[in-house]
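Observations on the three-dimensional arrangement
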Amino acid sequence: MREEIMMIKKINIMEALVILALVFLFGVQQADAKIYGISGPTFNLRAMKGNIIADDGKSIFMWGFANASTARVRFQYPGPTLIVNQGQTVTVNLTNTLPVPVSIVFPGQNNVNAVGGVPGMLTREAPPGGSVSYTFAASEPGTYIYYSGTRPELQVEMGLLGALIVRPAAITTPAGFAGCAYNTVDSCYHREYLQLLTDIDHTIHDLVLLNKTANVDNTIAYPVYWFINGRAGLDTVAKNFAPYLPYQPYSAMARMHPGEKILVRMIGGVRDLHPHHMHGNQHYVIARDGRILKGPAGEDLSEGLFTTTVAPGQTTDALFTWTGENIGWDIYGTTSHTCNPGPDNFDPVTKEYCPNHGKPLPVGLPDQNDLTFGIFYSGSPYIGSPGALPPGEGGLNPTAGLFFMWHSHNEKELTTNNIFPGGMMTWASVEYPSVILPAE
Amino acid sequence: MNKARLIILFSLLAVLILGMAISEAAVSVQCPYTIIDDQGNTANPNVICKHITGSDGFATMADGRVLYTFGFSDVTNQLPLDQILVTAELDARIPAPLIKVKEGQEFYLTLTTLPMSMRPDLFDPHTVHWHGFPNAATVFDGEPMASIAINPNASLTYYYQVPGPGTYMYHCHVEATEHMQMGMLGTLYVTPLQDGQLLNGFTQFAYNDEDGSTGYTKDYPIQITSIDPLFHDANLNVQPLPFAAMEDTYPLINGRGYPDTINPSTTLGTSAENNFKPSQNLPSLIEAQWGDMLLLRISSLATVRFYTLISPNLPMKVVGKDAMLLRGTAGHDLYYETNSITLGGGQSADVLIDTSVIGPIAAPQRFFLYTSNLNELSNDQEDFGGMMTEIVISP
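Residues numbered from 1 in each chain as written. Chains lettered and ligands numbered in written order. Predicted model: local features only at pLDDT ≥ 70, side-chain atom pairs only at ≥ 80, totals over all residues. Heavy atoms only, no water.

1. Focus: the pairing of strand S4 (residues 106-113) of chain B
Residue and element names in this part refer to chain B. The line we're drawing: Think of it in three bands: with a 1.4 Å probe and only protein chains considered, a residue is buried below 20% of the maximum accessible area for its type, exposed above 50%, and partly exposed in between. The helix and strand labels rest on DSSP assignments: H or I over at least four residues marks a helix, E over at least two residues marks a strand, and numbering proceeds from the N terminus. Strands are labelled as partners when DSSP assigns at least two bridges between them.
Counting buried positions along S4 gives 7 out of 8 residues, so the element sits mostly inside the fold. Relative to S4, strand S1 (residues 47-60) runs parallel, the two being bridged by 8 bridges. Directly across from glycine 54, in S4, lies its bridge partner threonine 113. In this sheet, strand S7 (residues 154-161) lies alongside S4 in antiparallel orientation, the contact comprising 7 bridges. Counterpart to glutamate 106 in the pairing with S7 is glutamine 161.

What follows is the structure in structure tokens.
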């Protein structure tokens, strides 16, 4: 993981200023910051077996949906994030290579038409070696889940689930934004991130691997692995498609610049509720289950929270912003920089809150011998200016951003099969404005 | 013979004193003004300076079982500083000392880490995480992987410009699953700038509502937590910690199980194990006069599961969640009445109880506030206990 992080381009303040100047000179637009996924409206998925690696090194046998439209079809956990536009007629063709029937249900989508396969309890199913096709009109924008509708108590646990994102069609993304969650300007964002929370009882997976599925007893299911976007613990901050996690392609880390509006699409999977806590700031829940929280007259019913309940099968969209307002001291440190306040007291370029400008840290920090340092601590309290750390300390924050843990606050879930730290934790980082963040 | 023994005694004493002087040199408090009382008020009314310690200790459950704990203790304004490492030994409090600050104040919070008396093999640092602090700075956020943590025998002063009003929490974030299960959890709440105005018949309010709709007569912190005794025993006995097997069997309100919750004593939790230090100082008996408006500042820092708290016969009006007034951006109230609040770890709700809804009464009346996860109404093996307290309304 260390290598992955170190690949993030290291930029010091001087380079940063030069890049900032270049950006203004040549009007270079930063790429959109969108959730990685595959675009529709037609998807070819394959139900197949595979293995994931948890952050304790355990290999867990899984079933999952794979993107069958690629040259080399590869199992992944969670399934591919399906991205479509509102109004499109979406077709999902499922072929099944598993020894059991598999299907897909799309909660929140109306009038899903299933063709082919064999009849099942919730929908038509693809028998082993067979296929089935689902078609629906993506009528409402938002965040959705899809998962197997065949023995879901077993198959969702086994990994047959994924995210579906419907992008709004009746709004033009305003200049400077990357997109909008819904057809309202107040749902537009600079970056969006997925937080798909799942849990796993590995003993069930071991039984399925040994062809003892009949012995699976869900009444005693006892998850000890917890994941965000299919990864656990520190693995969650590795970038998308990190080579050492070949079957867990999705990062969960949320990188941002000060002042940016971040859309967090939270989805619960499997069986438990998780109180998802975001360090750094309170967030505003703007939608649940793909419906924006507005009253009949358009009144805002969004809810400000610091911990959102993520329930299985439910989706929640929240907006998060970190500004550093009222922190009481200069977030860029006291080295030479300017702050030219706009009407909201923030510098429109550096995003600094100017009333704090030039104020020193109000307290002295203890001698380094009296401190224990975190791997994401840059050695200084300031954004973009790393400080001196003792040998071997820190090191995973080369751009000197501010790191904030996003995690389940049922703290038991911050473990991986009896090991702390692990499980349902990831980080957001607030980066110096000129640090270039990945497009996806 | 006597003389020789005296010399040895004196030299031992000298070594002891010298050793203490060296090891205690690092306790320090940063406060820009003179602290004038044990609440941490200073010569400047807009500046508050508190000092807490993090240490181990013992708490006594309602069934009499003594459990090893980690916790915070309030040592604000205690002098001399170098004596705190001795006086605060084994003084872990369950819950952590209540912290009440005013919106807009500058808050200097010094944390001094004590060595673990019962686990000298551990060199755990501690932190304070002000849970829910808006626009936090990592250096003062206390999440150790992104921040700094203070080692034993040393002090770190956190600085906060106190944000908007509401019910927050604080806890140690070091090895979070362990230190939080072990008990380093407390309520922290912020009173609004609006306090002191007369609005809607009230002078104190949960939020800056501008119409007095969150006004109250009395407020009570109600923090729900829970304890797995096997985890605590394993910790004391230097055994591998059972993270995966963690199952809490002592559901608590403010660090006590019923009926200890209604015991008005502020000095519960003494045991031979902790040198008879009162470790559980916060009663949860809610007392009101008929007509009072009660504000319950409910929060959860349970480490395993969600709990539902119900007040079956006194409706609760939820006016705030997670330290945010329930009001839309267009100014319309989103308050709602309910008899139940479901909270996962790290969630809070501010609820008002209007005691006049029951109609005039001639004698004191007793109501219950308890978890409707009915299996949690126990103190481990002992039934009729756990996460429950009483609301007593007098005429």
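2. Quick notes on the pattern of salt bridges
This is how the line gets drawn: The rule for a salt bridge is simple: a side-chain nitrogen of Lys or Arg has to be within 4 Å of a carboxyl oxygen of Asp or Glu.
Within the structure shown, the criterion is met by 21 salt bridges over all chains. Arginine 271 of chain A is paired through a salt bridge with aspartate 199 of chain A; the nearest N and O atoms lie 3.5 Å apart. One end of the pair, arginine 271 of chain A, is in the loop between strand S15 (262-268) and strand S16 (274-278); the other, aspartate 199 of chain A, is in strand S12 (residues 191-200), and 72 residues separate them in sequence. The residue glutamate 390 of chain B makes a salt bridge to arginine 366 of chain B at a minimum N-O spacing of 3.2 Å. Of this pair, glutamate 390 of chain B sits in strand S23 (residues 388-394) while arginine 366 of chain B sits in strand S20 (residues 365-371); the two residues are 24 residues apart in sequence, bridging distant segments of the chain. Residue glutamate 390 of chain B is classed as buried on the basis of its relative accessible area of 4%. Note on arginine 366 of chain B: relative accessible area 51%, which makes it exposed. Beyond isolated ion pairs, a larger network of salt bridges with shared partners links Glu157, Asp199 and Arg271 of chain A.

3. Describing the sheet that holds strand S6 (residues 113-116) of chain A
All names here are of chain A. As a reminder, the rule being used: Here an axis means a line fitted to C-alpha atoms, over the contact stretch when the element is a helix, while the angle between two N-to-C directions is reported on a 0 to 180 degree scale.
Pairing within the open sheet is mixed, and its 5 strands lie in the order S3-S2-S5-S7-S6. Every other strand in the sheet has two partners, leaving strand S3 (59-67) and S6 as the edge strands with one partner each. Taken pair by pair, the neighbouring strands of this sheet meet at an average axis angle of 25 degrees, ignoring direction. Two elements, strand S2 (residues 42-53) and strand S5 (residues 89-96), share 6 bridges in a ladder whose sense is parallel. Paired with alanine 47 across the bridge in S5 is asparagine 96.

4. Looking at the interface of chain A and chain B
Note the following rule: Any pair of residues with heavy atoms lying within 4.5 Å of one another is described as a contacting pair. Note on terms: buried area is the combined drop in 1.4 Å-probe accessible area of two parts once they are placed together, counting the loss on both. Any N or O atom pair separated by 3.5 Å or less is treated as a polar contact, with the protein-specific requirement of one donor-capable and one acceptor-capable atom, and with residues adjacent in sequence counted only for side-chain atom pairs. Basically, the charged four are Asp, Glu, Lys and Arg, the nonpolar ten are Ala, Val, Leu, Ile, Met, Phe, Trp, Tyr, Cys and Pro, and anything else, Gly included, counts as polar.
With 65 residues of chain A at the contact, the number on the chain B side is 67 residues. Interface area, chain A with chain B, both sides summed: about 5100 Å², of which 58% is carbon and sulfur. It is Phe306, Lys412 and Phe420 of chain A in chain A that bury the most area against chain B; as a group they hold 13% of the surface buried on that side. Put simply, chain A and chain B have 2 salt bridges between them. A salt bridge links glutamate 247 of chain B to lysine 412 of chain A, with the nearest nitrogen and oxygen atoms 3.3 Å apart. Applying the counting rule to chain A against chain B returns 44 residue pairs in polar contact (both at pLDDT 80 or more). Counting residues per element, the side of chain A that touches chain B draws most heavily on strand S23 (residues 402-408) of chain A, which supplies 5 residues. Tallied by class, residues from the side of chain A that touches chain B come to 32 nonpolar, 26 polar and 7 charged. Bridge count between strand S22 (residues 371-373) of chain A and strand S6 (residues 148-150) of chain B: 3 bridges; the pairing is antiparallel. Bridging across to S6 of chain B, phenylalanine 373 of chain A finds its partner in isoleucine 148 of chain B.

5. Structural notes on the state of the cysteines
Residue and element names in this part refer to chain A. Counted only if it meets this: In what follows, a disulfide is any cysteine sulfur pair within 2.5 Å.
Applying the stated criterion to the full structure yields 3 disulfides over all chains. Each disulfide pairs two cysteine sulfurs, and for cysteine 180 the partner residue is cysteine 188, the sulfurs being separated by 2.1 Å. Because the torsion about its S-S bond is 85 degrees, the bridge between cysteine 180 and cysteine 188 counts as right-handed. Classification of cysteine 188 by relative accessible area gives buried; the value is 0%. Numbered by position along the chain, the disulfide-linked cysteines of chain A connect as 1-2, 3-4.

6. Concerning the sheet that holds strand S1 (residues 38-39) of chain A
Consider a sheet: its strands pair through backbone hydrogen bonds, and that pairing is either parallel or antiparallel. Residue and element names in this part refer to chain A. If you walk across this open sheet you meet the 4 strands as S1-S4-S9-S8, and the pairing is mixed. Unpaired on one side and paired on the other, S1 and strand S8 (142-147) mark the two borders of the sheet. In the sheet, strand S4 (residues 82-85) pairs with strand S9 (residues 161-167) via 4 bridges, with the strands oriented parallel. Each bridged residue has a counterpart across the sheet, and for isoleucine 83 the counterpart in S9 is isoleucine 165.

7. Some thoughts on helix H4 (residues 202-209) of chain A
Residue and element names in this part refer to chain A. Let me state the cut-off plainly: Taking the helix axis as origin, the arc is that swept by the directions to the C-beta atoms.
Along H4, the positions that sit buried rather than exposed are His202, Ile204, His205 and Val208. Along the axis of H4, the buried residues cluster in a sector spanning 150 degrees; they form a single face. Count one or two residues on from H4 and you reach asparagine 211, which has phi positive near 60 degrees.

8. Looking at the side chain of serine 55 of chain B
Within the element layout of this structure, serine 55 of chain B appears in strand S1. The contacts of serine 55 of chain B, once residues within four sequence positions are left out, are Thr69, Phe70, Gly71, Ala88, Leu90, Asp91, Ala92, Leu114 and His126 of chain B.

9. Re the environment of glycine 40 of chain B
With respect to the helices and strands, the residue glycine 40 of chain B is situated in the loop between helix H1 (2-23) and S1. Separated by 230 residues in sequence, glycine 40 of chain B and threonine 270 of chain B have C-alpha atoms that sit 26 Å apart.

10. Points about helix H4 (residues 229-236) of chain B
All names here are of chain B. Pro229, Phe231, His232, Ala234 and Asn235 are the residues of H4 that are buried. Looking at the buried positions of H4, the neighbouring elements they touch are strand S2 (66-74), helix H3 (176-181), strand S10 (218-227) and strand S11 (250-253). If you check the start of H4, you find a side-chain oxygen 3.0 Å away from the backbone N of leucine 230, and it comes from aspartate 228. One or two positions beyond H4, positive phi appears at valine 238, with a value near 55 degrees.

11. Regarding the confidence of the model for chain B
Short version of the rule: Per-residue confidence from the predictor is reported as pLDDT, a score between 0 and 100.
For chain B, the average pLDDT comes to 94, and 94% of its residues sit at 70 or higher. Of the regions scoring below 50 in pLDDT, residues 18-25 of chain B engages in 7 contacts with residues more than four places distant in sequence or in other chains.

12. Observations concerning the packing of aromatic side chains
Formally: Stacked, tilted and edge-to-face are the three classes assigned to paired rings of Phe, Tyr and Trp, where Trp is represented by its six-membered ring and a pair needs centres within 6.5 Å; plane angles under 30 degrees give stacked, over 60 edge-to-face, the rest tilted. Note on criteria: charge over ring means Lys NZ or Arg CZ within 6 Å of the ring centre, with the direction from the centre no more than 35 degrees off the ring normal.
Counted according to the given criterion, the structure contains 33 aromatic pairs over all chains. The structure contains a cluster of three or more aromatic residues connected by ring pairs, namely Phe306, Trp329 and Tyr382 of chain A together with Phe107, Trp130, Phe133, Phe140, Tyr158, Tyr160 and Tyr168 of chain B. It is arginine 305 of chain B that lies over the ring of tyrosine 307 of chain B; its NZ or CZ is 5.0 Å from the centre.

13. Observations concerning the confidence of the model for chain A
In low-pLDDT regions, the fine details of the predicted coordinates are not to be read closely. This prediction gives chain A a mean pLDDT of 92; 92% of its residues lie at or above 70. Contacts for the low-pLDDT stretch residues 1-31 of chain A, under 50 throughout, to residues beyond four places or in other chains number 42 contacts.

14. Structural notes on the environment of aspartate 289 of chain A
Residue and element names in this part refer to chain A. By secondary structure assignment, the location of aspartate 289 is in the loop between strand S17 (283-288) and strand S18 (291-292). Sequence separation between aspartate 289 and proline 107 is 182 residues; the distance between their C-alpha atoms is 8.6 Å. If sequence neighbours within four positions are ignored, aspartate 289 has contacts with Thr143, Tyr144, Gly313, Gln314 and Thr315.

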